[in-house]
Amino acid sequence: MKKYLRTKILVYVLTFIFAVTIDWLIPRLMPGNPILVLVSRFSGLPESARVMYSYLTKAFGLDQPLWKQYFNFWIAFLKGDLGISIYLYPKPVLDVLKSALPYSLGILLPSILASWFAGNSIGALAARRRRLDSILLPIMYFINGAPYLWLGIILAYYFGVVLRWFPIAGAYSFGLRPHLSWLFVGNFLKHWILPFLSLFIVQLGGWAIGMRNMVIYELESNYSRFLETLGVKNSLIRKYAFRNAILPQITGLALQLGTVIAGQVTTEVVFSYPGIGYILTQAILNQDYFLIQGCFIFIIIGVLIANFTVDLVYVALDPRIRYSYGGEIS
Amino acid sequence: MLEVRNLKLYYRTLRGYVRAVDDVTFQVRDGELLGLAGESGCGKSTLGNGLVLLKPPMNFVGGEVQLDGEKLPIEDYERMRDYRFKKVSIIPQYAMDALNPTRKIGRYIEEILESRGINFESVRETLIERLRLVNLPERVLRMYPIELSGGMKQRMVMVISTLLNPSLLIADEVTSALDVSTQKAVCLMIRNFKELGIVKSIIFITHDISVLYQIADRIMIMYAGKIAEVGKTAQIIQNPLHPYTKMLLTSLPEVGVRYTERMLSGIPGQPPQLLEPPKGCRFKERCPLRDKVCDKDPPLVEIEEDHVAYCWKVKPNA
């Protein structure tokens, strides 16, 4: 177990360093210059603009050679400083992200977990009822194949514009301030439901199809057949099949997370939801190096933590994994 | 005592029925180990599996099976459930991966018994005794299947299958996946189950006649879904009468013969396909004694007591 953890942690640290390096590099390879964008917003005299430009370039440390910027970045990062946003100048990146994070997590976690549970239940159900299967499977394939952007827009258009059941922008109405009251919570939920639903639906199909196929595979496997020759109740055979079928689904969850976060960017743009994805698109449009970096660092950390959790859960559930990492498995 | 009469088990395919077991009649007496031999696809495994777990694509077409004087409802999946494990058990061909990989073996056995309405504690002692019988340490119960070697897993399956002292045990190709050194030990263990009265009778399915020579009381040879010849082990080995059995035995290597000088003979040709089997004797295409009469179904010829062959060319010892 210790060996397993050591290997895993090492791999995760290396992945983190590598991913963050790429994350640092890519914005800087974009054509254009963020300071120009910032200065142009102050649109004063050309003379003062030039002074301001050279001042800000120095202030953000962008006049230094790249390798030095890279080291400065790591030094600052280890001190917990992600820099100052250029686009939202002079707000620190960390503050911007901190206020956006709850909105992102509030959509992501429930939608990922709910669709995982619902998808697996539907798949397991479809696997043992032939007739239900022939109805459910095409629907699930359709959902799985539907482009996410299209699905989001259809939802927003139908429920927001045509039926007017739900608002289509923001996390709460403009007239409100975040505080704890029924009015605010109700309002928040009303804004929350569409982005949640869109992410929930888009993931549902994949889970259901995967689970259905896995359960059918497990029910056809030799250990299920042996149980049949022992005349045990169907409930026991199913219980074993489900438990074993769920294992690859858990791995799938880890793999899916990256994709889901990309989807989350789309959700937040479609529904103008003020999460990290929305901030990220704004940052990219304004060439805000530090904000882009910060957003991606949060995403990287999120994906790695989720993967690590899944790794631990997997070890707890599957003795074969424990065995392959040598030694104790009980 | 198992009595099988006119049993027909066909596989349903898109092109029609494959007659894997076609009109088979035989019996296994109490205290007897019946060896069932034949080449691949002759229906021996279908027969063995059909007696325990008959489900699609395998179809029950006709016949009757009686175990200890009681009709065995093999064609009824649900009613048969009560008889499995308690009355009829199988050590399957896939014994190496017959256990649930994510359950500790002890817990697994407990859950199986519970599902059959049997208290684990009431059989715990038997279980431990049986483990000793097959040379497995008691701690395997606290292990996962992955921690056991292939041979250990197979012995574990043997213990589970026979735990409730079934009347009939079917051993399906148990030696196929083992190397020669462990084959003998496993065969003797299975025979021992019968000797100790744990099971009353055994059907031992194999394609290796030399194994049967060591352990079987009687041998039944199948060819293309039908019985070719049945007899006591000595009768079959020393005095085979059906042309197929004869050729099968001459294609075995003999001790003391150098096969660089004389090639092993083998049987030329292929077994017929069972979708639309030829009329009459199914071996006629490959049989050197073939004659016009062979186009009609071969008769049952009783050569002497216990020794029976289905062939036109076999004469009884009068």
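What counts, and at which threshold
Residues numbered from 1 in each chain as written. Chains lettered and ligands numbered in written order. Predicted model: local features only at pLDDT ≥ 70, side-chain atom pairs only at ≥ 80, totals over all residues. Heavy atoms only, no water. Helix = DSSP H or I, 4+ residues; strand = E, 2+ residues; numbered from the N terminus. Buried < 20%, exposed > 50% of the residue type's maximum accessible area, 1.4 Å probe, protein only. Areas by Shrake-Rupley, 256 points an atom, 1.4 Å probe, with all protein chains shown as cover. Lys, Arg positive; Asp, Glu negative; His and termini not counted. Charge placed at Lys NZ, Arg CZ, Asp CG, Glu CD. Pairing = 2+ DSSP bridges. Axes fitted to C-alpha atoms, helices over the stretch in contact; angles between N-to-C directions. Contact = heavy atoms within 4.5 Å. Buried area = accessible area lost by both parts, 1.4 Å probe. Salt bridge = Lys/Arg side-chain N within 4 Å of Asp/Glu carboxyl O.

- Looking at an unreviewed UniProt entry, one finds chain B named ABC transporter ATP-binding protein, with Fervidobacterium thailandense as its source organism.

## Details of the overall build of chain A
1) Next: Regarding its fold elements, chain A presents 13 helices and zero strands.
2) Next: Ordered by position from N to C terminus, the α and β elements of chain A give α-α-α-α-α-α-α-α-α-α-α-α-α.
3) Next: Seen along its three principal axes, the alpha-carbon backbone of chain A occupies a region of about 90 × 55 × 40 Å.
4) Next: The buried share of chain A, reckoned over its 330 residues, is 44%.
5) Next: Accessible area of chain A: about 17500 Å², with a carbon and sulfur share of 70%.
6) Next: Separation of charge centres in chain A, based on 27 positive and 14 negative side chains, amounts to 6 Å.

## Comments concerning the sheet that holds strand β5 (residues 70-71) of chain B
Residues and elements named next belong to chain B.
1) Next: With antiparallel pairing, the four strands of this open sheet are ordered in space as β2-β1-β4-β5. Where the open sheet ends on each side, the last strands, each with one partner, are β2 (16-28) and β5.
2) Next: As judged from the eight bridges shared by strand β1 (residues 2-13) and β2, these two strands associate in the antiparallel manner. By the bridge assignment for β2, Leu7 is matched with Val24.

## Digging into the sheet that holds strand β3 (residues 33-37) of chain B
Residues and elements named next belong to chain B.
1) Next: Across the sheet, which stays open at both edges, the eight strands sit in the order β6-β7-β8-β3-β9-β10-β12-β11 with mixed pairing between neighbours. At either margin of the open sheet sits one strand with a lone partner, and together these are β6 (88-91) and β11 (300-304). Taking each pair of neighbouring strands and ignoring which way they run, the sheet shows an average axis angle of 20 degrees.
2) Next: Pairing of strand β9 (residues 218-223) with strand β10 (residues 226-232) involves six bridges; the strand directions are antiparallel. Considered in β10, the bridge of Ile221 is made with Glu229.
3) Next: The sheet contacts of helix α5 (residues 150-161) involve β6 and β7 (168-172), and relative to β6 the element is tilted by about 180 degrees.
4) Next: Its contacts with the sheet place helix α6 (residues 180-195) against β3, β6, β7 and β8 (201-206), and it is angled at close to 160 degrees to β8.

## Some remarks on the interface of chain B and chain A
1) Next: Residue-level contacts link 30 residues of chain B with 25 residues of chain A.
2) Next: Across the chain B to chain A interface the summed buried area is about 2800 Å²; carbon plus sulfur atoms make up 56%.
3) Next: Area buried by chain B at its contact with chain A is led by B:Tyr94, B:Thr102 and B:Ile146, which between them contribute 20% of it.
4) Next: At the surface where chain B touches chain A, the tally comes to two salt bridges.
5) Next: Between B:Glu111 and A:Lys239 there is a salt bridge, with the nearest N and O atoms lying 3.2 Å from each other.

## Regarding unusual backbone geometry
Leave glycine aside and you will find that most residues have negative phi; peptide bonds, for their part, are mostly trans.
1) Next: Cis geometry marks the peptide bond from B:Pro56 to B:Pro57; its omega dihedral reads 5 degrees.
2) Next: Examined against the element boundaries, B:Pro57 turns out to sit in the loop between α1 (44-50) and β4 (58-67).
3) Next: Even without glycine at this site, A:Ser272 takes up a positive phi of about 40 degrees.
4) Next: Mapped onto the elements of the fold, A:Ser272 is located in the loop between α10 (234-270) and α11 (276-285).

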